[in-house]
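Structure assessment
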Amino acid sequence: MSTQFKSLMREVMCLAWQMVKKNGFSMSEALKTAWMNIKLKAAMKERIVRFYFQKVDGSLREAYGTLKESLLPENKGTDNRKKSDTVQVYFDTEKSEYRCYKVANLVRIG
């Protein structure tokens, strides 16, 4: 097996186990959501993507986001914040700001 495939599978399984332990998902639900997050992250690195996630207050949010380097604004300051595995950061193209969502709350990719 290639190292790229192994690292991808490792990332999926770590994300899935995290959802099982922290959010009480079944392994099946967790794997589906983990794969959806991996696919969304890969798509956002190539273009602007429409996706839906459940906000903390329970409402559904439609977002247009990207991680493509050419579309991101210039970074200001230092990045010495603690990284969190439970959220995914993206650049919201409608608000022109960085936003994040909880990976367990991703509903679908539009």
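These remarks concern the structure in this document. The structure displayed is predicted, hence computed values, not measured ones.

Cut-offs used in this document
Residues numbered from 1 in each chain as written. Predicted model: local features only at pLDDT ≥ 70, side-chain atom pairs only at ≥ 80, totals over all residues. Heavy atoms only, no water. Pairing = 2+ DSSP bridges. Helix = DSSP H or I, 4+ residues; strand = E, 2+ residues; numbered from the N terminus. Salt bridge = Lys/Arg side-chain N within 4 Å of Asp/Glu carboxyl O. 1 Å grid on protein atoms, 1.4 Å probe; cavity = no way out; pocket = protein on both sides within 12 Å on 5 of 7 lines; lining within 4 Å. Points joined across faces, edges and corners; volume = space filled by probe spheres on them. Nonpolar A, V, L, I, M, F, W, Y, C, P; charged D, E, K, R; others polar.

All right, on to the pairing of strand β2 (residues 60–66) then. Pairing analysis gives six bridges linking strand β1 (residues 49–54) to β2, with the strands arranged antiparallel. Following the sheet pairing, Gln-54 is matched in β2 by Leu-60. From the end of β1 to the start of β2, which pair antiparallel, there are five residues, and Gly-58 there has a positive phi angle of about 100°.

On the secondary structure map, Gly-77 appears in the loop between β2 and β3 (87–92). Separated by 69 residues in sequence, Gly-77 and Leu-8 place their C-alpha atoms 31 Å apart.

Applying the stated criterion to the full structure yields four salt bridges. Among the salt bridges present, the one from Lys-41 reaches Glu-11, with a minimum N-O distance of 3.8 Å. Here Lys-41, found in helix α2 (residues 27–44), pairs with Glu-11, found in helix α1 (residues 3–23); they are 30 residues apart in sequence, far enough to count as distant. The shortest N-O distance in the salt bridge between Arg-61 and Asp-92 comes to 2.5 Å. With Arg-61 in strand β2 and Asp-92 in strand β3, this pair connects stretches of sequence that are 31 residues apart.

The space that makes up the largest pocket amounts to roughly 1200 Å³. Taken together, 34 residues form the lining of the largest pocket, with Asp-79, Lys-83, Gln-88, Val-89 and Tyr-98 sitting closest to its centre. Residue assignment for the lining of the largest pocket shows that the elements contributing at least two residues are α1, α2, β3 and β4 (97–102). Looking at the lining of the largest pocket element by element, the count peaks at five residues for β4. Considering only residue class, the lining of the largest pocket consists of 13 nonpolar, eight polar and 13 charged.

The analysis is restricted to geometry; functional conclusions fall outside its scope.
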